[in-house]
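Here is how the chains run, residue by residue.
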Amino acid sequence: MIYLDYASTTPVNKEILDVMLPYFSTIYGNASSTHELGDLADKAIVESQLNIANLIGSNKEEIYFTSGATESINLALKGAYLENKEKGNHIITLKTEHKAILDTCLYLESIGADVTYLDVDKDGHISIDSFKNAIKDTTILACVMYVNNETGVIQDINAIGNICFENDVLFMSDATQAYGKIPIDVENQNIDLLCFNAHKIYGPKGVGGLYIRNGLKLQMQIHGGGHQNKMRSGTLNTPGIVGLGRASKIAKMNMEEEYSRIRGLRNLLENTLIEQRKIKVNGINNKRTPYISSIQLLGHEADDFILRNRNKIAVATGSACNSEIIEPSHVLKAMSLDKKECDSTIRVSYGSRTTLSEIEYLISII
């Protein structure tokens, strides 16, 4: 099986697994406990915070841990809205956001939020002018995905962050597909809230993080012992957090080299198949991460291709989170693709184990 679905999840790196194992069996204390085993667990968590902070340009005290990006998104959106609803009720987001964002916004609308869903152009990009014009006196929060999980399109986070800062609007970004793969600097980019995940960068499933700018208050969504500065109650998942921290450290060390390698493989696949007139690439005229290719197969449907090759190669028709929903991708529809174009699109996503021979094989069967 050739695995080209890294945007869905990644295998756990052996180095990461090895560093996690002691925290299951020998250093098993609760990080909130005051005895030595608790102190050792707490020390490991602080080290993970430092590794994450070094990756995104924050302070370690601004890093909070959750069960994954979906929980981080819920805490950020709900917590920010409920804490600031006396100032206003307006939220700005995009039609191409992940369902975790869109469904949470839908819930917030049911309790009084006014949400603007911005359009994107045919390459998945928003107009900075339209973003600026969407801001109202009641706008309290803008939420813009850093890298789209289906197309790899990168939004202009710097410009959006500046606009939010100038207008006293909180800026949140879902960085699940950007974290550890492209440079992020929350301070210089004026990001107030940033969501990320371990299992997208060769760490374990079931653990993620949320950067919360110092001084920013969120209304707690999980009540209990008041852990993590009363932001998120619950005993900390020490092995998972250790895995996320080490994955972040490795990602920072390897980022530049791996980005260049993956870009070469992505370009080979796309350019060869375009020359052979076998594909079209969604979002090709926009700034994209090299880790994701959204390609329309010319001549056959995506489902047929995937079914025919299901024992040979792993790719996706879109977001894995939507795999049980039989309907065209909301991201591709927002980019004005018709049903036929949506139905012919596959997502190829590249990772640390992707080789030249695997890309050459995929080229040969399309």
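Since we're looking at a predicted model, the values are computed, not measured. Think of each chain on its own: its residues are numbered from 1, step by step along the sequence as written. Reporting in this predicted model follows two pLDDT cut-offs: at least 70 for local features of residues, and 80 or more for side-chain atom pairs to be given and counted; totals over whole chains, interfaces and linings ignore these cut-offs and use all residues. Hydrogens and water are ignored here; the side-chain numbers use all heavy atoms of the structure.

**Focus: the overall build of the protein chain**
Here comes step 1: By definition, any uninterrupted DSSP run of H or I lasting at least four residues is a helix, any uninterrupted run of E lasting at least two residues is a strand, and each is numbered from the N terminus. For the protein chain, the helix and strand inventory stands at 13 helices and 12 strands.
Here comes step 2: Using C-alpha atoms as the atom set, the radius of gyration is obtained and then compared with a globule rule of 2.2 Å times the number of residues to the power 0.38. Its C-alpha atoms give the protein chain a radius of gyration of 21 Å, within 12% of the compact-globule value 21 Å for 366 residues.
Here comes step 3: Considering only C-alpha atoms, the protein chain reaches an extent of 65 × 55 × 35 Å along its principal axes.
Here comes step 4: Throughout this description, buried means an accessible area under 20% of the type-specific maximum (1.4 Å probe, protein chains only), exposed means over 50%, and partly exposed covers the range between. Per-residue burial over the protein chain gives 57% buried out of 366 residues.
Here comes step 5: Residue contacts are counted whenever heavy atoms from the two residues lie within 4.5 Å of one another. A separation threshold of at least 6 residues defines the contact pool for the protein chain, and within that pool the share at least 24 residues apart is 72%.
Here comes step 6: For the area figures, the Shrake-Rupley method with a 1.4 Å probe applies, and any residue is considered shielded solely by the protein chains shown. Just so you have it, the protein chain exposes about 16,200 Å², and 49% of that area is on carbon and sulfur atoms.
Here comes step 7: His residues and chain termini do not enter the charge count, which takes Lys and Arg as positive and Asp and Glu as negative. Charge positions come from single atoms, namely NZ of Lys, CZ of Arg, CG of Asp or CD of Glu. Averaging the positions of the 37 positive and the 44 negative side-chain charges in the protein chain gives two centres separated by 4 Å.

**Some thoughts on the packing of aromatic side chains**
Here comes step 1: Any pair of Phe, Tyr and Trp rings, taking the six-membered ring for Trp, is counted once the centres come within 6.5 Å. Such a pair is stacked with planes under 30 degrees apart, edge-to-face with planes over 60 apart, and tilted for the rest. For the structure on display, the rule yields four aromatic pairs.
Here comes step 2: Ring centres of Tyr6 and Tyr202 lie 6.4 Å apart, and the angle between their planes is 55°; on these two criteria the pair is classed as tilted. In this pair, Tyr6 sits in the loop between strand 1 (2-3) and helix 1 (14-20) while Tyr202 sits in the loop between strand 7 (193-197) and strand 8 (208-212), placing the two residues 196 residues apart along the sequence. In this pair, the class of Tyr6 matches that of Tyr202, namely buried.
Here comes step 3: Seen from the ring of Tyr107, Lys78 lies directly overhead, with NZ or CZ sitting 5.0 Å from the centre. Two conditions define a charge located above a ring, namely a distance within 6 Å from the ring centre to NZ of Lys or CZ of Arg, and an angle within 35 degrees of the ring normal.

**Focus on the sheet that holds strand 4 (residues 114-118)**
Here comes step 1: DSSP bridges decide pairing: two strands pair if at least two such bridges lie between them. A sheet is described by the order of its strands in space; here seven strands give the open sequence 2-8-7-6-5-3-4, paired in mixed fashion. The outermost strands of the open sheet, each flanked by one partner alone, are strand 2 (63-66) and strand 4. Averaged over neighbouring strand pairs, the angle between their axes works out to 20° when direction is ignored.
Here comes step 2: Bridge analysis of strand 2 against strand 8 gives four bridges, and the strand direction is antiparallel. Looking across to strand 8, one finds that Tyr64 is bridged to Leu210.
Here comes step 3: This element, helix 7 (residues 157-166), spans strand 5 (139-143) and strand 6 (170-174) of the sheet and lies at about 155° to strand 6. Interaxial angles span 0 to 180 degrees and are taken between N-to-C directions of axes, which are lines fitted to C-alpha atoms, for helices over the stretch in contact.

**Remarks on the packing of helix 9 (residues 238-275) against helix 13 (residues 356-365)**
Here comes step 1: Axis separation between helix 9 and helix 13 bottoms out at 10 Å; the angle between their running directions is 20°. Of the possible angle classes, the one that applies to helix 9 and helix 13 is roughly parallel. Here the hand of the crossing between helix 9 and helix 13 comes out right-handed. Contacts between helix 9 and helix 13 involve Leu265, Leu268, Leu269, Thr272 and Leu273 from the first element and Leu356, Ile359, Leu362 and Ile363 from the second.
Here comes step 2: Three classes are used, and their members are as follows: Ala, Val, Leu, Ile, Met, Phe, Trp, Tyr, Cys and Pro are nonpolar, Asp, Glu, Lys and Arg are charged, and the others, Gly among them, are polar. Tallied by class, the residues present in the contact of helix 9 with helix 13 amount to eight nonpolar, one polar and no charged. Angle categories are assigned with fixed cut-offs, so that under 35 degrees is roughly parallel, over 145 is roughly antiparallel, 65 to 115 is roughly perpendicular, and the rest are oblique. The crossing is said to be left-handed when, going from far helix to near helix, the turn is anticlockwise and less than a right angle, and right-handed when the turn is clockwise.

**What about helix 5 (residues 99-110)?**
Every α-helix winds through 3.6 residues per turn, so residues three or four apart in the chain are directed the same way.
Here comes step 1: Helix length check: helix 5 (12 residues) gives 16 Å between terminal C-alpha atoms against 16 Å at 1.5 Å per residue, within 8%.
Here comes step 2: Gly112 sits one or two residues past helix 5 and shows a positive phi near 115°. An expected span of 1.5 Å times one less than the residue number is assigned to each helix.

**What to know about helix 9**
Here comes step 1: Here the bend at a residue means the angle between the axes of two seven-residue stretches, the one that ends at it and the one that starts at it. Remark: the principal bend of helix 9, roughly 65°, maps to Met255.
Here comes step 2: In the analysis that follows, any N or O atom pair within 3.5 Å is treated as a polar contact, provided that within protein one partner can donate a hydrogen and the other can accept it, and provided that, for residues neighboring in sequence, both atoms belong to side chains. Sitting at the head of helix 9, Asn237 places a side-chain oxygen 3.1 Å from the backbone nitrogen of Gly240.
Here comes step 3: Phi for Arg277, located one or two positions after helix 9, is positive at around 55°.

**Considering the environment of Ala302**
Here comes step 1: Note that Ala302 resides in helix 10 (residues 302-308).
Here comes step 2: Given the relative accessible area of 1%, Ala302 is considered buried.
Here comes step 3: The spacing of Ala302 and Val315 is 13 residues in sequence and 9.8 Å in space, taken between C-alpha atoms.
Here comes step 4: The residues contacting Ala302, other than those within four sequence positions of it, are Leu297, Thr317, Asp343, Ser344, Thr345 and Ile346.

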